[in-house]
Amino acid sequence: MPAQGKHRRPKSTSLGRGLAAVTTGGAVLALPVIGATSAFAAPAPAAAPQAAAPAAVVAQANSASKAASAKHSVVAGETLSKIAREYSVSGGWKKLYEGNRKIVGSNPDLIHPGIKLVIGAKSAASSDDKASKASPSAARGASAGRADRSERIDAAPVAKAAPAAAKEAVTYTNDLDGWIKESLAIMAEQGIPGTYEGIHRNIMRESSGNPAAINNWDSNAVKGTPSKGLLQVIDPTFQAYHVPGTSTDSYDPVANITAACNYAADRYGSIDNVFGAY
């Protein structure tokens, strides 16, 4: 069997074929590298971008870490602009100041060492501002809704009291029946005893129901103090037992009845106990 490989060309080494220098008039020409040498040498330049990638990732991570920081304690020499740049605050120092207005104060150029600024998150001040800017009508509506519910809940167990009936003015007829009834009402207020029957009985005996009746012939008349009115009361007795709120005229029917009943209550206990001259 013929030997194999005798017709192959001898394999040249990488070093032997890597460079070929030709001298022509003192100039040296460098021929490009060919063959396997080129294949192995090509990846070398690409190593630089690959090495740079981890650095960019680290930088992004550091930036994200700063942005996520909740608070920053101010040190001497710092400004809002510097802190905003350091933490890459979107909106710059104005945004940082807006979120920390209550902490910084009215002058954004003056920040005191030691104060803590909120970074990368909405501050309580911003939240308060937004809450205060909420629609007034919506706030009023919610408040009205709560008030309305409270009123319904509170009012449910309590029955509304019926309005007190207005006290009707009592009117009396201008006759014996009306005079007696009006006198009885006044006597009840003053605590003077007596009944309709007792008053009516004595009136009919003394004057027959005539309010202008007068006795000009008895002993009282002889003394100059005749008996007058429905219950025939002399003036000294009328004046002594007159009931406040009634007329001072002894001929007035109501005044005459109440004064006579007041006298009878003092002397006999009640007009009901009188059955003759008194």
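Residues numbered from 1 in each chain as written. Predicted model: local features only at pLDDT ≥ 70, side-chain atom pairs only at ≥ 80, totals over all residues. Heavy atoms only, no water.

**Some points on helix α10 (residues 196-206)**
The set of residues buried in α10 consists of G198, I199, N202 and I203. For α10, the buried positions fall inside an angular range of 125° around the axis, keeping them on one side. Where α10 ends, the next residue or the one after it, S208, has phi of about 60°, a positive value. (Buried < 20%, exposed > 50% of the residue type's maximum accessible area, 1.4 Å probe, protein only. Helix = DSSP H or I, 4+ residues; strand = E, 2+ residues; numbered from the N terminus. Arc of directions from axis to C-beta.)

**So, unusual backbone geometry**
Residue S208 is not a glycine yet carries a positive backbone phi of 60°. If you trace the backbone, S208 turns up in the loop between α10 and β5 (214-215). Residue S208 is classed as exposed on the basis of its relative accessible area, which comes to 56%. Phi at Q232 is positive, roughly 50°, even though this residue is not glycine. Within the secondary structure, Q232 is located in the loop between β6 (227-228) and α12 (235-240). The class of Q232 is buried, set by a relative accessible area of 12%.

**Considering the pattern of salt bridges**
In total, this model carries five salt bridges according to the counting rule given. Two residues, K95 and E98, come together in a salt bridge whose shortest N-O distance is 4.0 Å. With K95 and E98 both in helix α5 (residues 92-99) and three residues apart, the pair spans about one turn of that helix. The class of K95 is partly exposed, set by a relative accessible area of 46%. (Salt bridge = Lys/Arg side-chain N within 4 Å of Asp/Glu carboxyl O.)

**Some points on the packing of helix α9 (residues 176-190) against α10**
In the contact formed by α9 and α10, the axes pass within 10 Å of each other and the chain directions differ by 130°. Between α9 and α10, the interaxial angle falls into the category oblique. Crossing hand, α9 versus α10: right-handed. Counted together, L176, D177, I180, K181, L184 and M187 of α9 and Y196, I199, H200, I203 and M204 of α10 form the full contact between these two elements. Along the lines of polarity and charge, the residues of the contact of α9 with α10 split into eight nonpolar, one polar and two charged. (Axes fitted to C-alpha atoms, helices over the stretch in contact; angles between N-to-C directions. Parallel < 35°, antiparallel > 145°, perpendicular 65-115°, else oblique. Left-handed = near helix turned anticlockwise from the far one by under 90°. Contact = heavy atoms within 4.5 Å. Nonpolar A, V, L, I, M, F, W, Y, C, P; charged D, E, K, R; others polar.)

**Considerations on the confidence of the model for the protein**
In the predicted model, the protein carries a mean pLDDT of 73, and the fraction of residues at 70 or more is 58%. When the elements of the protein are averaged for pLDDT, strand β1 (residues 21-24) gives the smallest value, 38, and helix α13 (residues 253-268) the largest, 98. Predicted confidence is poor over residues 1-10, with pLDDT under 50, and the contacts of this stretch with residues over four places away or in other chains come to zero contacts. The low-confidence segment residues 141-156 (pLDDT under 50) makes zero contacts with residues lying over four places distant or belonging to another chain. (pLDDT = per-residue confidence, 0-100.)

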